[in-house]
Amino acid sequence: MAAAEANTPARTDKTKEIFQRWDVHGTGVITRKRLTELLTEVAGKSVTEEEIERCIAEADKNKNGIIEYNEFIEWLQQPMGTVRMGSRGLEYFDLEACVRPLYDVYDQNGDGEISMDEFIQCQTILQNSLGLKSSVSLEEQFKKEFGAKGASSAVLSNDPKQLFLTVDEDKSRSITFKEFLDWQRAQLVAARTPSKELEELLPALARQLKRVFKFDEESEERECDSRVLQRIVDNLAKFCVEIWSEKQGEVQPAKPLATITGKVRHYTNRWSEPPVGLNIKKLKAKYLATESCMSSSRVLDNMDLDLMVIPQLQEGEEINPRSRIWLAQIIQKVTMRDGKVRSDDPVYYEFTSLSWNKTSDAVFKFHTAYDALPPELRMFSLLKAEADFGNKLTWSQIQRVFTRTKSHGILTVAQHQEYNAAMELRVTKALKEEDLLSGLTQEEAKRKVQDNLVAITQRPQDIMAMLSDLKMLQVSSVWADFMTK
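Only a predicted model underlies this, so the values are computations on that prediction, with no experimental measurement involved. (Residues numbered from 1 in each chain as written. Predicted model: local features only at pLDDT ≥ 70, side-chain atom pairs only at ≥ 80, totals over all residues. Heavy atoms only, no water.)

## Focus on the overall build of the protein chain
Definition in use: Runs of H or I in DSSP of at least four residues are treated as helices and runs of E of at least two as strands, each being numbered from the N terminus. Three labels apply to residues, based on accessible area from a 1.4 Å probe with only protein chains included: buried if under 20% of the type maximum, exposed if over 50%, partly exposed otherwise in between. In what follows, a contact means two residues having at least one pair of non-hydrogen atoms within 4.5 Å. Per-residue and other accessible areas follow the Shrake-Rupley method at a 1.4 Å probe size, with only the shown protein chains counted as cover for residues.
For the protein chain, the helix and strand inventory stands at 21 helices and 13 strands. Counting all 485 residues of the protein chain, 48% fall into the buried class. Here the analysis covers contacts within the protein chain between residues at least 6 apart in sequence; of these, 67% occur between residues at least 24 apart. Surface accessibility of the protein chain: about 24,300 Å² in total, with carbon and sulfur atoms responsible for 50%.

What follows is the structure, given as structure tokens:
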């Protein structure tokens, strides 16, 4: 939690209110029994004695067995505290849930334990992403890139084999989840990385590491592979530093994730193949039959449906596309006779039981999933919806999509024009190579280029690749999820 947030009057009043609720006798302290009740309520589950002891160790600084008001306030500000103050009150930080995805990647054969070979391989990949074999030390690299005065470098600077022997506390020649969790907890407490960041960074690191193995297994060679792989390696290095580098000071404001991923925060929603039966035409027909109430006499011949169809946010890497819910937002835009454009209120649907249905929580589900989509997948979603989840878009369809990108904040008018100009140059070059423009006047040549431009069709993937080449959308690891769709 940022220090600025912690000191606001509203936040202080809220903290005092919460403390008084659990200090039932008004003694100015929270007893062990009340702490157990507090943890159970916040976590939504029964808590273990180990969790209770850990919270007392975190909060009870004077070691008198109870939590006083000042200790309570400091506890909620700790970067790695089990309980923190959120926008809606107390929140429980489940470190086990954050660490589990990373452990599962280390456990490559899925037998429930990490062998020495598995541990060494994963550690080596992470070390190489930071360039530990170079002449620049890890600590110097942290200072250079992040301005840190010091770093908790034990996670990635130690020899992997020696580190394995340290983490393997029972000397069983394998690392259990508990041993892995205890190791990570100690390192993260030392690093003082805010729990809010860890909830995104640890699963994100696991996904990037998993993709390294995926690239190693696949022999496909696509044009974007080297760029995607380089992006994955870059993300690995940045995530490692943000997770394990030591933060200075008593309470560190949480660093915006924009600074971690190169001006684009980490996004958790992914793309997967839509289920059979996901039909855009049926969705539009249902909307027009049940929601649209605009009289044709009141408008010109221009009515457009701004349609966005996206996958629901769902945790985990192995998602069955057939069971995943897809969500839609439709905004009807009509041009009135006076030339004004009117946008109706959005209508939300979810695809369940092989049909589109309006549900009470579709709007919440949609915006939660939408906020977790990176810009490139928002663009890809618009393209796929316009193509009715096919692989062919006409020039007019492409133009409609680019028009919609402005309202979604994906591309600007200038970028739209730049894309069109680049496509026009590409068509012109192709016609010249076939000697189809010779002998034509400048006006005739321009008309021929435009005629050919209007006649082309493109795949959504091709459009995305060109946007990347034009540096309008950033190549990132999420491309590996959809470039073959």
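## Focus on the pattern of salt bridges
The cut-off we apply is this: For this document, the term salt bridge refers to a Lys or Arg side-chain nitrogen within 4 Å of an Asp or Glu carboxyl oxygen.
Within this structure, the stated rule accounts for 18 salt bridges. With a shortest N-O distance of 3.0 Å, Glu291 and Lys358 are connected by a salt bridge. Placement of the pair is Glu291 in the loop between α14 (280-290) and β7 (299-311) and Lys358 in the loop between β11 (355-357) and α15 (362-371), with a sequence separation of 67 residues. What makes Glu291 partly exposed here is its relative accessible area of 26%. Residue classification places Lys358 among the partly exposed positions, given a relative accessible area of 49%. For the salt bridge of Lys365 with Asp361, the shortest nitrogen-to-oxygen distance reads 3.7 Å. Using a relative accessible area of 19% as the deciding quantity, one classes Lys365 as buried. Residue Asp361 is classed as partly exposed on the basis of its relative accessible area, which comes to 33%. Where salt bridges share partners, they join Arg84, Glu91, Lys196 and Glu199 into one cluster.

## Notes on the environment of Glu118
Positionally, Glu118 belongs in helix α7 (residues 116-129). Through-space distance from the C-alpha of Glu118 to that of Asp107 is 6.6 Å; in sequence the pair is 11 residues apart. Every residue in contact with Glu118, bar those within four places of it in the chain, is listed here: Tyr106, Asp107, Gln108, Asn109 and Glu113.

## Looking at empty space enclosed by the protein
With a probe scaled to a water molecule rolled over the atoms, the places where space remains empty come into view. How we decide: Points on a 1 Å grid, built from protein atoms alone, make a cavity when a 1.4 Å probe fits but cannot get out and make a pocket when they are open with protein on both sides within 12 Å along at least 5 of 7 lines; residues with an atom within 4 Å of a point are the lining residues. Grid points are joined across faces, edges and corners, and a volume is the space filled by probe spheres set on the points.
Inspection of every chain in the model, using the stated rule, returns one cavity of 30 Å³ or more. Quantified by volume, the largest cavity comes out at close to 130 Å³. The wall of the largest cavity is formed by 13 residues, among which Arg54, Thr82, Phe93, Leu95 and Arg185 lie closest to the centre. Elements supplying a minimum of two residues to the lining of the largest cavity: α4 (49-59), α6 (95-106) and α11 (177-191). At three residues, α4 tops the list of elements feeding residues into the lining of the largest cavity.

## Remarks on helix α16 (residues 375-386)
The line we're drawing: Given a helix with a known number of residues, its expected span is that number minus one, times 1.5 Å.
Here α16 contains 12 residues, and its C-alpha end-to-end distance of 17 Å stays within 8% of the 16 Å for a straight helix at 1.5 Å per residue. Of all the 12 residues making up α16, 11 are buried; the element is thus mostly covered by neighbouring parts of the structure. Asp388 sits one or two positions beyond α16 and adopts a positive phi of about 55°.

## A short note on the nonpolar core
To keep things clear, this is the line we draw: The set of buried Ala, Val, Leu, Ile, Met, Phe, Trp, Tyr and Cys residues whose side-chain atoms join them within 4.5 Å is what this entry labels a nonpolar core.
By size, the foremost hydrophobic cluster in this structure holds 56 residues, and its most contacted members are Val309, Met379, Tyr419 and Leu467. If you tally residues by element for this core, the top one is α16, at six residues.

## Looking at the packing of helix α3 (residues 32-43) against α4
We count it as follows: Here an angle of 0 to 180 degrees is reported between the N-to-C directions of two axes, which are lines fitted to C-alpha atoms, with helices fitted over the stretch in contact. For classification, angles of less than 35 degrees are called roughly parallel, those exceeding 145 degrees roughly antiparallel, those between 65 and 115 degrees roughly perpendicular, and all remaining angles oblique. Helix crossings are classified by the rotation of the near helix relative to the far one: an anticlockwise turn of less than a right angle makes the crossing left-handed, while a clockwise turn makes it right-handed. Amino acid classes used here: Ala, Val, Leu, Ile, Met, Phe, Trp, Tyr, Cys and Pro are nonpolar; Asp, Glu, Lys and Arg are charged; the rest, including Gly, are polar.
The geometry of α3 relative to α4 is characterised by a closest axis approach of 11 Å and an angle of 110° between their N-to-C directions. Taken together, the axes of α3 and α4 lie roughly perpendicular to each other. For the element pair α3 and α4, the recorded crossing hand is right-handed. Between α3, through Arg32, Leu35, Thr36 and Leu39, and α4, the contact on the second element is made entirely by Glu49, Glu51, Ile52, Glu53, Cys55 and Ile56. By residue class, the composition of the contact of α3 with α4 is five nonpolar, one polar and four charged.

## Let's talk about the packing of α16 against helix α17 (residues 395-407)
Contact geometry for α16 and α17: axes closest at 10 Å, N-to-C directions at 140°. The handedness of the crossing between α16 and α17 comes out as right-handed. Of the residues in α17, those touching α16 at Met379, Leu382, Leu383 and Glu386 are Gln397, Arg400, Val401, Phe402, Arg404 and Thr405. Broken down by class, the residue content of the contact of α16 with α17 amounts to five nonpolar, two polar and three charged.

## Concerning the environment of Ile56
Relative to the elements of secondary structure, Ile56 occurs in helix α4. When its relative accessible area of 13% is taken as the criterion, Ile56 is described as buried. Note: C-alpha distance between Ile56 and Ile66 (10 residues apart in sequence) is 7.7 Å. For Ile56, the residues in contact, after removing those within four places along its chain, are Arg32 and Leu35.

## Describing the UniProt feature "domain: EF-hand" (unreviewed entry) in the protein chain
Defined as follows: UniProt positions are given in the numbering used here, feature names are shortened, and annotations may be inferred rather than shown by experiment.
Cross-referencing UniProt, the feature "domain: EF-hand" (unreviewed entry) maps to residues 10-45, 47-82, 94-129 and 155-190 in the present numbering. Measuring from the first to the last C-alpha atom of residues 94-129 gives 28 Å, for a span that is 72% helix and 6% strand. Structurally, residues 155-190 comprises 69% helix and 6% strand, and the distance from its first C-alpha atom to its last is 11 Å.

## Here's the deal with a negative patch on the surface
The criterion, for reference: Patch definition: residues with relative accessible area over 30% and no salt bridge; like charges joined within 9 Å; nonpolar side chains (Val, Leu, Ile, Met, Phe, Trp, Tyr) joined within 5 Å. Counted charges follow a simple rule, with Lys and Arg positive, Asp and Glu negative, and His plus the chain ends left uncounted. A charged residue contributes its charge at one atom only: NZ of Lys, CZ of Arg, CG of Asp or CD of Glu.
Taken together, Asp111, Glu113, Glu169 and Asp170 make up a surface patch of like negative charges. Examined against the element boundaries, Glu113 turns out to sit in the loop between α6 and β5 (114-115). Overall, the relative accessible area of 35% leaves Glu113 in the partly exposed class.

## Topic: the packing of aromatic side chains
Note the cut-off: By convention, a stacked pair of Phe, Tyr or Trp rings (six-membered ring in the case of Trp) has centres within 6.5 Å and planes under 30 degrees apart, an edge-to-face pair has planes over 60 apart, and any other such pair is tilted. Placement of a positive charge over a ring is assigned whenever Lys NZ or Arg CZ falls within 6 Å of the ring centre and within 35 degrees of the normal to the ring plane.
A full pass over the atoms with the stated rule returns 15 aromatic pairs. When the ring of Tyr348 is compared with that of Phe366, the centres are 5.5 Å apart and the planes differ by 55°; the resulting orientation is tilted. In this pair, Tyr348 is assigned in strand β10 (residues 347-352) and Phe366 in helix α15, connecting sequence segments 18 residues apart. Counting every residue linked through ring pairs, the aromatic cluster contains Tyr103, Tyr106, Phe119, Phe164, Phe177, Phe180 and Trp183. Lying across the ring of Phe177, Arg100 places its NZ or CZ 3.8 Å from the centre. Cation over ring: Arg378 sits above Tyr370, and NZ or CZ is 4.2 Å from the ring centre.

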